[in-house]
Amino acid sequence: MSSLLSVEGVTKRFGGLVAVADVSFDIAPGELVGLIGPNGSGKTTLLNIMSGHLFADQGTIRLDGEPCTGFKPQRLARRGLMRMFQLTRIFPRMNVLDNLLVGGRALGLHVDEARERADALLEELQIAHVRHLDAGQLSGGQMKLLEFGCCFMRTPRLALLDEPFAAIHPTMKEIMSTFIRARHAEGQTFVLVSHDMPVIVELCPRSICMNAGRVLSDDKTSDVLAAPAVIEAYLGGAAA
Amino acid sequence: MLTGALAADLAVNGLVTGLFYALMAVGLALIFGVLRIVNFAHGEFYMVGAYAYTIVAARLGVPLAVALPTAFLFGAALGWVVERTLMRPLYANIATWGLMRDEYAVIVTFGLSLLLVNLVDKAIGPYAFRAPALVSASRIVVGPALMSGQKVAAAGVTLVTLAFIALFLRFSYWGRAVRAVSQNRLGASLAGIDATAVSSLVFALAGGLAALAGALLSPIINASPDVGAFPAIKSYVIVVLGGMGSILGAFIASLLLGLVESFGAVLVSYQYRDTFGLVLLILFLLFRPQGLFGERGREV
Amino acid sequence: MSGDIRLRREFIATALLLVLLALLPLVQRDVYWLGVLVVSAYFAILASSWNLLAGFTGQFSLAPAAFAMIGAYGAALSATYYSVPPILGLIIGTGAAGLIGLVLGRIVMRLKGPYLALTTLSFAEIARLVASNSINITRGDLGLPIAGWFNDRVLWFYVFLGALAFVICGLYLLLRSKAGLFLEAIRDDEIAAARSGVRIVFWKTAAFSISSAAAGFAGALYAYFASLVTPELGLVQQTGLVVSMTVIGGMGSLIGPVVGAFLVYVTSEWLRDVGGWQLVIFAALVIVFARLFRTGLWGLVTAALQPRRGKPA
């Protein structure tokens, strides 16, 4: 199995605290993997390392077999690694359409191509009616959908989604899940970080659970959620 | 040729100059610690103090011991008013500026600086004013150095003031409140501290200290509309060198800058003595932005 | 409204304004006032160059006047010591400013907000002090004379207007292209821009370089007009004027700096006859606009002419 993304022995320390400890896993093309774990388990730190926002102290990350440890986010984006942030990041003083065009043009699409892609995305995400508003005027949920859309202006090799379903309306949640399911069926690879267990169960055949910086379990989602170690991590010793 | 006697003279003079810088820099560091902005109008508080002292003492004939505190109060009042009227968007998260609070602070304080300089220039006149000295003796021996009486008296007042500020910050309720808000604004307000009141207090204090510096030095550096420009730049340099927000850092960096300029003027170049600080500033901002004592800010 | 459309409207408005300004010499022949218009045009170019960096890319540099000064000295020094013709002097001045801007931009890459402002301010002061103290080369505060180019004030005004039009057209083409998208993205959220694949280092440095070159161009042109180059061109107060004009006119719009420059400078000279409180008034306006009307005069005009948009349900 040729892996799309391989994480090998990644470790990160902040002073005396070990946030990520010797984490390794492989993601094959076309997988939809959930990344779960209680607060403070190191998921976000790991994601930040994978998307180029933090340097790992040790370990390697490979995309399509090519090492890409320590690459800046923009370089990774051009390699096809797109990251969606937990706290929504869009361009508030630019209109919705331009928000999408930034990513499209930056990744090499021509003006017309980019416009077409943007229009198609706006339709699919059902926010076409606000295309001319400044992104800062959108509601929180619309902003999230916009940021979500920005990741798909050019089909990414790997999409890292950091808590995309946090604090949004069920309707929008549904739009995003439908989108993810549709793309996954076409062979798109995802890593999905979420606390929303029903969604993880529904979407992700495989899950990786972290706690205290280590990988506790990396298996079929149903098995991971049943593992005693995982239950203990989430609910404490008494529940296991 | 740097003899021991010359070195000692330069050292003492440098340290004394550093003390005056400290009055400006400590205030600026306080503002940055609490409001997280650089006050580009800081030099104008110095200027207002110089004028207040000069006018009150020379024109109104008020005794000098009263004129000095008056200058301080003038600066403090101005600082308080500025904070109350102009600094609200920084914490109120007003929609138009929202994300660009840093830029707002730069523009507004820059504009304020222009306003004050031109206001004084128009209202009072562009020419320098002579102010009465605190002590008339023109040459007093201080250790290995020879200094004007004014400088010695001013240095004395400065030392006392700085000591008082240090004690205030360390032991008084409001002093501790200032330190708390400096470290964590949200946390401090959750603990019951009125962060906005602290901001007003700090701006007033900084204004007062800068005004005091202007007043103390006005017999030597006479009051004129743009008299605050140089002290301001020096204090920006010091605050960065010392570590943005660190009071102790600002104090030590002030003394250091005073020494560097004093020795540099003799050993390197008298002409370019004002550029040493600027070059140091750029170097620090590039390679050690947290200065000597500051904390590295976190990203993302 | 779409970013495209907004930019196009601003460009058309600017073009109309320039045409209007071009008609002025038909009614105003007084040499003094023509000089005022020329200097206003100089500031318009300078403010537009600063607007590219601060208004569109979000980099608050306090060095625009220094770059104008560098451009002016580039022209004057090459004319004095190498007797180059004016066109070449212009190119050298522009190039020198652009090159130094490129280096400075690369150096201050990671700095933001007040740190960037402080560093550029220090750079500007150092540049001015160097110009002032290099008496052997620049004659310091006495100033370096430079052979004039044209004698006719009216002709100078049209030359400056032409230069302004050139700069505005250049900015329009730049901002209309993907560069405009990237620069504004960097301004709005640098991290999101990086995530989207924008080459941050390249575009920030490019913005710095182009902005500095345009400022140098303005300075070099002014050198030939004034026939004397002094370090006063690089004073912080000059930067203060540029910032005021842009803020009052409207930061982040193509026409704002032009409106601001002419309005502020002409009114300033006009009030000088009357009472001379112009600078106080403008400084107050800067504060008021910064506090209450971030989008400046142009923002007020466009808001008044458009129906209010509410938030979608």
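Our subject is the structure that appears above.
Caption draft 1: How the structure looks around the overall build of chain B. The number of helices and strands found in chain B is 12 helices and two strands. Traced from its N-terminal end to its C-terminal end, chain B shows the element sequence α-α-α-α-α-β-β-α-α-α-α-α-α-α. Each principal axis of the C-alpha distribution contributes one length, and for chain B these read about 55 × 45 × 35 Å. Across the 300 residues that make up chain B, the buried fraction comes to 55%. Look at the contacts in chain B between residues 6 or more apart in sequence, and 75% of them connect residues 24 or more apart. Carbon together with sulfur atoms contributes 67% to the accessible area of chain B, which is approximately 12700 Å² in total. Each charge class in chain B was averaged separately, 18 positive and 12 negative side chains, and the resulting centres sit 7 Å apart.

Caption draft 2: Quick look at the nonpolar core. Phe-40 of chain B together with Phe-160 of chain C are the most contacted members of the largest nonpolar core, which totals 255 residues. Of all hydrophobic cores here, the second largest spans 27 residues; its members include Val-23, Val-33, Cys-68 and Leu-76 of chain A.

Caption draft 3: The arrangement of helix α9 (residues 195-217) of chain B in detail. For α9 of chain B, built from 23 residues, the straight-helix expectation of 33 Å at 1.5 Å per residue is met to within 8% by its first-to-last C-alpha distance of 33 Å. Among the 23 residues of α9 of chain B, 20 are classified as buried, and the element is accordingly described as predominantly covered.

Caption draft 4: How the structure looks around the interface of chain C and chain B. Opposite the 42 residues of chain C that make contact, chain B presents 42 residues. Both faces combined, the contact of chain C with chain B buries some 3900 Å², and carbon together with sulfur accounts for 79% of it. The largest contributions to the chain C side of the interface with chain B come from Leu-118, Ile-287 and Arg-291 of chain C, which together make up 16% of the buried area. The tally of links from chain C across to chain B stands at zero salt bridges. Taken together, chain C and chain B are joined by one residue pair in polar contact (both at pLDDT 80 or more). Elements that contribute at least two residues to the side of chain C that touches chain B include exactly α5 (113-133), α11 (236-249) and α13 (278-292) of chain C. If you tally residues by element for the side of chain C that touches chain B, the top one is α5 of chain C, at 14 residues. Residue composition of the side of chain C that touches chain B, by class: 26 nonpolar, 11 polar and five charged.

How each quantity is defined
Residues numbered from 1 in each chain as written. Chains lettered and ligands numbered in written order. Predicted model: local features only at pLDDT ≥ 70, side-chain atom pairs only at ≥ 80, totals over all residues. Heavy atoms only, no water. Helix = DSSP H or I, 4+ residues; strand = E, 2+ residues; numbered from the N terminus. Buried < 20%, exposed > 50% of the residue type's maximum accessible area, 1.4 Å probe, protein only. Contact = heavy atoms within 4.5 Å. Areas by Shrake-Rupley, 256 points an atom, 1.4 Å probe, with all protein chains shown as cover. Lys, Arg positive; Asp, Glu negative; His and termini not counted. Charge placed at Lys NZ, Arg CZ, Asp CG, Glu CD. Core = buried A, V, L, I, M, F, W, Y, C linked by side-chain atoms within 4.5 Å. Expected span 1.5 Å × (residues − 1). Buried area = accessible area lost by both parts, 1.4 Å probe. Salt bridge = Lys/Arg side-chain N within 4 Å of Asp/Glu carboxyl O. Polar contact = N/O pair within 3.5 Å; in protein donor to acceptor, adjacent residues only side chain to side chain. Nonpolar A, V, L, I, M, F, W, Y, C, P; charged D, E, K, R; others polar.

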